[in-house]
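A closer look at the structure
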Amino acid sequence: MTDLTVAEARQRLQTSTDELARRYWAREDVSELVADHTAVLDGIVREFWEKHFAGVRAMALFAVGGYGREELHPGSDIDLLILGKSPRKHKAAIEAFLRDLYDLNVEIGHAVRTPKECRDVAAADITVTTALLEHRWLAGDAALSEQLVKALQSRKVWPSAEFFAAKRDEQSKRHARFDNVDYGLEPNVKSSPGGLRDYHTAMWVCLRHFGTADPAALVTLGALTAQEMTWLVEGRRFLWWVRFGLHLLAGRKEDRLQFEHQRELAQRLGYADTEARLGVERFMHAYYRHVTYLREVNDILLQHFEEQIFNERADTIRPLTSRFQLRGDYIEAVDPAIFRKEPEALMDLFVVMANRRDIAGVRADTIRAIRDSIDVIDDDFRRNKQINAQFINLLKAPYMLVSTLTRMRRYGVLGRYIPDFGRVIGQMQHDLFHIYTVDAHTIQVIRNMRRFFYRSAEELYPVASHCVKKLPKIELLYIAGLFHDIAKGRGGDHSELGAIEVRDFCRQHGLSPDDTELVRWLVKKHLYMSSVAQREDIYDPDVVHEFAAEVKSERRLDYLYTLTVADINATNPKLWNSYRATLLRHLHGAARRALRRGLESPRDKQESITAARDSAREKIMARMPEVSEVEVDAFLASPSDDFFLRHTARHIANVAEQLIGKAGTTSVWLTNITPQVEEESVTEVYLYTKDRPGLFGASTIALDKLGLSVFEASINTDESGTCFNTYVVLDRNNNAIEPANHARLAEQLRDIMLTVDELKPGAGRLLTRQNKQMSRSSQVTIERDEDGLCSILTIHASDRPGLLAEIGRLFSEYDVDVQRARINTLGDRVEDIFDVVNPSGEPYSEADAYELSQTIRQLLDRHLSRAL
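Since this is a predicted model, take the numbers as computed values, not measurements.

**Structural notes on the overall build of the chain**
- Counting its regular elements, the chain contains 40 helices and 17 strands.
- Considered along the principal axes of its C-alpha atoms, the chain spans approximately 105 × 70 × 50 Å.
- Taken across its 868 residues, the chain has 56% of its residues classed as buried.
- Taking the intrachain contacts of the chain between residues at least 6 apart in sequence as the baseline, contacts between residues at least 24 apart amount to 71%.
- For the chain, the exposed surface amounts to about 37,200 Å²; the carbon and sulfur share of it is 47%.
- Charged side chains in the chain number 115 positive and 129 negative. The centres of these two groups are separated by 6 Å.

If you want it as structure tokens, here you go:
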């Protein structure tokens, strides 16, 4: 037989890979594909070994790590151990052998050692020990296998207890790199919590302790239950399926399940879109479920070992109830069969836990007993009034509510007790706005509600902290939190559907009609306060009155506010900033005042504006006696009515001191608005100048060039042609601008606006990879407002740096006169709303509105394509 050449080996490998790809996309069993790919590499490696080591004694080649486990995917590393009694005598042959392998353009990892060196290095490095545990002989002197095994069995090389502790700590650090979440938007199939590495860690611990990592053998040994073995085997197969496809799509080793790969895998693997959900969401739902099960098996195996090896207090037993006791710091059932004998004990266990602070967790045997008895949670169980009362008692518990609900979710209890919740476990939404699965988001909402009781929340969330402590029945808030998103993924309005589900739940659990109606309303309206705050003019008394009329009482207002803040912060922490905090705080305060005043006596909008303008006039005249009444009246004619509704007379006078008499020049002034706490401060930028074409575009471009994000803008031009524009801005870190920088930024803004000749947005900020992969076509609509005074131009578009500046440029180019702007960024997309009129100061006609909306949409998409 002639020696195998590198060119021949490359061709063999490429032919095999092409055939494996064909079989993969034809959806053949991935286990067979992995085994066949490993076999092809085995053949090539062995032929190269024989080519360079024919006749050489006392030398052997071993596959280690993933290659040793025979788990090769198309881009996997090939990890080898060259073992010999005196391997360095064969340096030339080793180098030639490795050169051939490297020329295959595959990732090669290798070590050249003696058995003694393997023992010494393994004793010092847990990762080496782990790789060598899974060694597999490939070629050469087979007798060296026995010497390698003997070396690894040395007392110096990580005894079982030390090995377990090291792998447990190693896993904890790895999980920490992923924030301990197994539901990341773009998970790492190998390394994220619940990924393949969690499977491997559990098996490595078993291999070191029992001498086997075979799931079936571990069931026989009592280390695994049959259900856990099924989760392991099916979970590993699913993750292999995903990883194999990832490597094929990327053409290399790639373990990050990025958005573009999620979509392509979902499409090619048969996950079709439905009316309710995208195919990619269905695909990721399956992924998260398998990952959840894998992590559960990993957790229970490691906990089992920890109880056996490290729990020094395991023999200390303290009775808790007739059903449960503490063994050390962990609760366990006195009788493992109690959950089948007395099904209500399933709920009782968690009520006990939520009412004590001295319970670290649940014993592994009891967790397994819970899972083995999960089928007792049926319709009779759910209708049992005693159990219903216990669940309400659980929600009233003073201590570990969030961790208890989390355990109920993980052990399968919560999803069985509330079947609609079970359906959303692992369900995700394919965007950058919702960064958690629905079930994880729900638990995070409850966690936020609990945090509002903490002293630290008094500074971060002062209004929510105040509201939550006034709520007469906190359990009603938690029920609303549990159900607010429970109908997602069904199609239709999830708020409406969820309201129906929670009404039935409340009735079953014995809540009064009044409490049931409150919770139903909270679920139905859980997006209402956020929507009004971000989309409407909350400084308009008419808007506040309409909102207060829907809310009806201060009690409902406090419940809704607390739910809203908890929900926003649990959807995506980046959504919460001082601007949103200010909006919600103002709406809550204004609605409360309206309710206390009485809905039958609403504030008159025009009276409020007149009173504010008159009060401000008095303060300005008192502060600035040198200024004539004509100048004061001219200044007060410039701002919009919204300015007088939004600000106090004192603040208006402060603005006047900076800008009055400067209408002939371009004047810019910055000030911070701080309601009560510094964390809710925003910066207002005032622009006072003569109107000119393209002013809004020039101002947004100037703000963009200085790295300022605009959240709201009010544009007003009086009869004399004087512009009084106000912008609410934050810096790139979503903070108000430091007062020490106000004067410098004001000067820079003025200079940019005076010198800008061409309306070109600022450059230098790049579109992130995630934003590129999640980009979508823009949507632009133009409709007349209810009063017929202007048109409402709404833009839904993919977010990217300089977007508002580009919109401002387009408005300038097409003579769109902006009166007010509300800027809303939702993860990877924006929803910007502009009150606009045509060059004649009139709302756009239907024909003009259609033409303008299509033009802006096309140009925004062209701008996006350039950014991509």
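Additional details are given in the paragraphs that follow.
**A few points about the nonpolar core**
- If you look at the biggest cluster of nonpolar residues, it comprises 132 residues, and the most contacted ones within it are Ile331, Phe339, Phe391, Ile479 and Phe547.
- When residues no more than four places from it in sequence are discounted, the contact partners of Phe391 are Met347, Met408, Leu414, Tyr417, Ile418, Leu482, Phe505 and His509.
- The next biggest cluster of nonpolar side chains, apart from the first, holds 47 residues, and it includes Val30, Tyr271, Ala286 and Leu294.

**Description of the sheet that holds strand β8 (residues 361–362)**
- With mixed pairing, four strands are arranged side by side in an open sheet as β5-β6-β7-β8. The two strands at the open ends of the sheet, each matched to only one other strand, are β5 (317–319) and β8.
- Where strand β6 (residues 324–327) and strand β7 (residues 330–333) come together, four bridges link them in antiparallel fashion. Bridge pairing in β7 links Arg327 to Tyr330.
- Docked against the sheet, helix α15 (residues 345–354) engages β6, β7 and β8, running at close to 50° with respect to β6.

**So, the packing of aromatic side chains**
- Taken as a whole, this structure holds 33 aromatic pairs when the rule is applied.
- Cluster of aromatic residues (ring-pair linked, three or more members): Phe635, Phe643, Phe644, Trp669, Tyr686, Tyr688 and Phe724.
- Over the aromatic face of Trp25 sits the side chain of Arg268, whose NZ or CZ is 3.7 Å from the ring centroid.
- The lysine or arginine in question, Arg556, covers the ring of Trp521, its NZ or CZ lying 4.0 Å from the ring centre.

**Structural notes on the pairing of strand β13 (residues 779–784)**
- Of the strand pairs in this sheet, β13 and strand β14 (residues 791–798) are connected by six bridges, and their pairing is antiparallel. Following the sheet pairing, Arg784 is matched in β14 by Ser791.
- Between the end of β13 and the start of β14, which pair antiparallel, lie six residues, with Gly788 showing a positive phi angle near 70°.

**What about the pattern of salt bridges?**
- All told, the structure shown has 65 salt bridges when counted by the stated rule.
- The closest approach of N and O atoms between Lys469 and Glu458, which form a salt bridge, is 3.2 Å. With a gap of 11 residues between them, Lys469 in the loop between α24 (462–468) and α25 (474–483) and Glu458 in helix α23 (residues 457–460) connect regions that are remote in the sequence.
- Assessed through its relative accessible area of 41%, Glu458 is described here as partly exposed.
- As a salt-bridge pair, Glu496 and Lys524 come within 3.9 Å of each other at their nearest N and O atoms.

**Remarks on empty space enclosed by the protein**
- Per the counting criterion, the structure on display carries six cavities of 30 Å³ or more.
- Its volume calculated, the largest cavity comes out at about 110 Å³.
- Mapped by element, the contributors of at least two residues to the lining of the largest cavity are α34 (641–646), β11 (709–714) and β12 (722–730).
- A volume near 70 Å³ is recorded for the second largest cavity.
- What lines the second largest cavity is a set of 13 residues, among which Gln429, His434, Tyr436, Thr437 and His441 lie closest to the centre.
- When its residues are assigned to classes, the lining of the second largest cavity shows five nonpolar, six polar and two charged.

**Some words on the sheet that holds strand β3 (residues 108–113)**
- Here we have four strands laid out as an open sheet, ordered β3-β2-β1-β4, and mixed in their pairing. A strand with exactly one partner marks an edge of an open sheet, and here the two such strands are β3 and β4 (136–140). Strand-to-strand twist in this sheet, taken as the mean axis angle between neighbours without regard to direction, amounts to 25°.
- Relative to β3, strand β2 (residues 78–84) is paired through six bridges, and the arrangement is parallel. Looking across to β3, one finds that Leu81 is bridged to Ala111.
- Relative to β4, helix α2 (residues 30–53) is tilted by about 35°, and along the sheet it contacts β1 (59–63), β2 and β4.

**Focus on the packing of helix α1 (residues 6–25) against α2**
- Two numbers describe how α1 lies on α2: the axes approach to 10 Å, and their chain directions differ by 175°. Put simply, α1 runs roughly antiparallel to α2. Here α1 contributes Val6, Ala9, Arg12, Leu13, Ser16, Thr17, Leu20, Arg23 and Tyr24 to the contact with α2, which in turn contributes Glu32, Leu33, Asp36, His37, Val40, Leu41, Gly43, Ile44, Glu47 and Phe48.
- Of the residues that constitute the contact of α1 with α2, the class distribution is 10 nonpolar, four polar and five charged.

**Considerations on the confidence of the model for the chain**
- A residue-level look at the chain finds 95% of positions with pLDDT of 70 or above and a mean pLDDT of 90.
- In the model of the chain, helix α38 (residues 769–773) stands out as the element of lowest mean pLDDT, 58, in contrast to α25, which has the highest, 98.

**Quick look at the environment of Arg208**
- Note on placement: Arg208 falls in helix α9 (residues 196–210).
- Each C-alpha atom, one on Arg208 and one on Leu133, is 7.9 Å from the other, the two residues being 75 residues apart in sequence.
- In contact with Arg208, not counting residues within four places along its chain, are Leu133, Leu152, Val157, Trp158, Ser160 and Phe163.

**What about helix α31 (residues 578–597)?**
- Here α31 is 20 residues long and its end C-alpha atoms lie 28 Å apart, about the 28 Å a rise of 1.5 Å per residue gives.
- Across the 20 residues of α31, 15 count as buried, placing the element largely inside the fold.
- For α31, the capping residue at the N-terminal end is Asn577, with a side-chain oxygen 3.0 Å from the backbone nitrogen of Tyr579.
- Gly598, located one to two residues past α31, shows a positive phi value of around 105°.

The rules behind each value
Residues numbered from 1 in each chain as written. Predicted model: local features only at pLDDT ≥ 70, side-chain atom pairs only at ≥ 80, totals over all residues. Heavy atoms only, no water. Helix = DSSP H or I, 4+ residues; strand = E, 2+ residues; numbered from the N terminus. Buried < 20%, exposed > 50% of the residue type's maximum accessible area, 1.4 Å probe, protein only. Contact = heavy atoms within 4.5 Å. Areas by Shrake-Rupley, 256 points an atom, 1.4 Å probe, with all protein chains shown as cover. Lys, Arg positive; Asp, Glu negative; His and termini not counted. Charge placed at Lys NZ, Arg CZ, Asp CG, Glu CD. Core = buried A, V, L, I, M, F, W, Y, C linked by side-chain atoms within 4.5 Å. Pairing = 2+ DSSP bridges. Axes fitted to C-alpha atoms, helices over the stretch in contact; angles between N-to-C directions. Phe/Tyr/Trp six-rings, centres within 6.5 Å; stacked < 30°, edge-to-face > 60°. Lys NZ or Arg CZ within 6 Å of the ring centre and 35° of its normal. Salt bridge = Lys/Arg side-chain N within 4 Å of Asp/Glu carboxyl O. 1 Å grid on protein atoms, 1.4 Å probe; cavity = no way out; pocket = protein on both sides within 12 Å on 5 of 7 lines; lining within 4 Å. Points joined across faces, edges and corners; volume = space filled by probe spheres on them. Nonpolar A, V, L, I, M, F, W, Y, C, P; charged D, E, K, R; others polar. Parallel < 35°, antiparallel > 145°, perpendicular 65-115°, else oblique. pLDDT = per-residue confidence, 0-100. Expected span 1.5 Å × (residues − 1). Polar contact = N/O pair within 3.5 Å; in protein donor to acceptor, adjacent residues only side chain to side chain.

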